[in-house]
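Chain by chain, the residues run as shown.
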Amino acid sequence: MVRKGVIGLLIVSVISGFVLAQQTGSRRGAADRAAQGRMGGGMMDDWLDQLDKAYQANNREEMGKLIEQFKQMRQQRGGMGPGGIGPGMGPGMGQGMQPPQGGRGLGGASPENAPVPQDDIEKKILAVLDDMRQNQSRGMMNCSVEDGRFFRILVESMNAKTVVEIGTSNGYSGIWWCLGLRKTGGRLITHDIDKNRFDLATANFKRAGVSELVQQVFGDAHETVAKIEGPIDILFLDADKEGYMDYLEKLLPKVRPGGLILAHNTTNAGRSMQNYLTAITTNKDLETIFVHKDQQGVSVTLKKR
Ligand SMILES: C[S@@+](CC[C@H](N)C(=O)[O-])C[C@H]1O[C@@H](n2cnc3c(N)ncnc32)[C@H](O)[C@@H]1O
């Protein structure tokens, strides 16, 4: 009884999430609304039917898969979605490795287009990211594709040489950082406390061909960061949310003037990092904006010169 109730609640929350996403979408621009439209209708009905069947059969594994698909779809609503839910979903990252097929009324310039690899190395890296997203994402708490593309843009545009990441997981965001770092001649120093994820990241960095750009640090980052030598161009916080303030206090002095501090999950876990959010929005030496607010959210803080 109790278990069925929990499953029911889960379904209700997922469906409410969809309704909310639709409402949020209605406040967005035309291109986004078009994307929303493509998620609705028959395809959504199919998805709900599948979820309903899984629910009736008490097939938790199938339900988990469907919910995961939904989350990815919502995360990638810009059009880089999983493409696995049904026809009309827009290109998935798998298809996204191919050149753009044309945008939604923007003459092929639609933001829905997946990254277009510039060379074979980039193609291989994007393929690994695609594979990780499709086959390895469960339990890895990875950033979104949109976050990853943003990270790469920041690295290249800032000519960043040192990116410090707290929270490696399986290396997904790390590989996005490396897409930029391989062009700037920089490196990623990434920390994780979980040995399984640490080892998985090692393997993923290797198959993406970026191991030489990465220094992995194993252990509690609250302690291991003491060894980091500045200057840091970009600091990315994506580990224990309650610890963000401690990381900021320890690492802000090592971030170069003009450098950035990014923190993940400001939308979905903002409350657990309230002291951090207050600190980055009330300090005269820092300037902060929040991006990707309809996803997990990322704060972007400039350390003023
Ligand atoms: C949200 S995941 C990171 C996701 C990754 N940045 C990505 O987007 O692919 C958070 C990671 O932080 C790690 N973590 C949590 N507390 C930590 C700590 N005190 N020191 C180091 N790593 C920690 C967890 O083991 C987990 O792998």
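Since we're looking at a predicted model, the values are computed, not measured.

> Sorry, what's going on with helix α7 (residues 145–158) here?
Note that an α-helix has 3.6 residues per turn; residues three or four places apart therefore point the same way. In a regular helix each residue adds 1.5 Å, so 14 residues correspond to 20 Å; α7 covers 20 Å between its end C-alpha atoms and thus fits that length. All buried positions along α7 are accounted for by Val-145, Asp-147, Gly-148, Phe-150, Phe-151, Arg-152, Leu-154, Val-155 and Met-158. One or two residues past the end of α7 sits Asn-159, with phi positive at roughly 50°.

> Sorry if this is basic, but what is going on with the site of the ligand here?
By nearness alone, 23 residues border the ligand, and Asn-142, Gly-167, Asp-192, Arg-197 and Asp-238 come closest of all. Ser-173 places a side-chain nitrogen or oxygen 2.8 Å from a nitrogen atom of the ligand. In the environment of the ligand, an oxygen atom lies 2.6 Å from a nitrogen or oxygen atom belonging to the side chain of Asp-192. Summarising the interface, the protein chains cover 92% of the accessible area of the ligand, which totals 610 Å² for the free molecule. Assessed atom by atom at 2 Å from the grid points, the ligand resides in the second largest pocket.

> It is not clear to me how the nonpolar core should be interpreted in this structure. Could you clarify?
A general trend in soluble globular proteins is that nonpolar side chains are found buried together. The biggest cluster of nonpolar side chains holds 35 residues, and the ones touching the most others in it are Ile-175, Trp-177, Val-210, Ile-234 and Leu-262. Counting residues per element, the ones that place at least two in this core are α6 (120–135), α7, α8 (172–184), α9 (195–208), β4 (232–237), β5 (255–264) and β7 (298–303). Among the elements that line this core, the one with the most residues is α8, at seven residues. Not counting chain neighbours up to four residues away, the residues in contact with Ile-175 comprise Ile-125, Val-128, Leu-129, Met-132, Asn-204, Phe-205, Ala-208 and Val-210. The next biggest cluster of nonpolar side chains, apart from the first, holds 26 residues, and it includes Ile-189, Ala-221, Val-225 and Leu-286.

> Just to check I follow, could you spell out the sheet that holds strand β6 (residues 286–291) for this structure?
Within a sheet, each strand pairs with its neighbour through backbone hydrogen bonds, oriented either parallel or antiparallel. The strand order β3-β2-β1-β4-β5-β7-β6 describes an open sheet built from seven strands, whose pairing is mixed. The open sheet terminates on both sides in strands that have one partner only, identified here as β3 (214–218) and β6. The average angle at which neighbouring strand axes cross in this sheet is 15°, direction not considered. Direction of pairing for β5 relative to β7: antiparallel, over a ladder of five bridges. Each residue of the ladder has a partner; that of Leu-260, found in β7, is Leu-302. Its contacts with the sheet place α7 against β1 (162–166), β4, β5, β6 and β7, and it is angled at close to 175° to β5.

> Help me out: how do you make sense of unusual backbone geometry in this one?
Glycine aside, negative phi is the norm for most residues, and most peptide bonds take the trans geometry. For the bond running from Gly-230 to Pro-231, omega is -5°, close enough to zero to count as cis. Counting through the fold element by element, Pro-231 comes out in the loop between α10 (221–224) and β4. Positioned with a positive phi, Ser-169 is a non-glycine residue whose angle comes to about 55°. Structurally, Ser-169 is set in the loop between β1 and α8. A positive phi angle, near 50°, is found at His-292, a position not held by glycine. Mapped onto the secondary structure, His-292 falls in the loop between β6 and β7.

> I tried to follow the confidence of the model for the protein chain on my own but got confused; where do I start?
Predicted coordinates in regions of low pLDDT should not be interpreted in detail. Of all residues in the protein chain, 64% attain a pLDDT of 70 or more, and the chain-wide mean is 78. Segment residues 1–7: pLDDT under 50, and seven contacts once partners within four positions in sequence are set aside and those in other chains are kept. In this model residues 76–106 is a low-confidence stretch, pLDDT under 50, and it forms 85 contacts with partners more than four residues away in sequence or in other chains.

Rules used in this analysis
- Residues numbered from 1 in each chain as written.
- Predicted model: local features only at pLDDT ≥ 70, side-chain atom pairs only at ≥ 80, totals over all residues.
- Heavy atoms only, no water.
- Helix = DSSP H or I, 4+ residues; strand = E, 2+ residues; numbered from the N terminus.
- Expected span 1.5 Å × (residues − 1).
- Buried < 20%, exposed > 50% of the residue type's maximum accessible area, 1.4 Å probe, protein only.
- Near = heavy atom within 4 Å.
- Polar contact = N/O pair within 3.5 Å; in protein donor to acceptor, adjacent residues only side chain to side chain.
- Areas by Shrake-Rupley, 256 points an atom, 1.4 Å probe, with all protein chains shown as cover.
- 1 Å grid on protein atoms, 1.4 Å probe; cavity = no way out; pocket = protein on both sides within 12 Å on 5 of 7 lines; lining within 4 Å.
- Sits in = over half its atoms within 2 Å of the grid points.
- Core = buried A, V, L, I, M, F, W, Y, C linked by side-chain atoms within 4.5 Å.
- Contact = heavy atoms within 4.5 Å.
- Pairing = 2+ DSSP bridges.
- Axes fitted to C-alpha atoms, helices over the stretch in contact; angles between N-to-C directions.
- pLDDT = per-residue confidence, 0-100.

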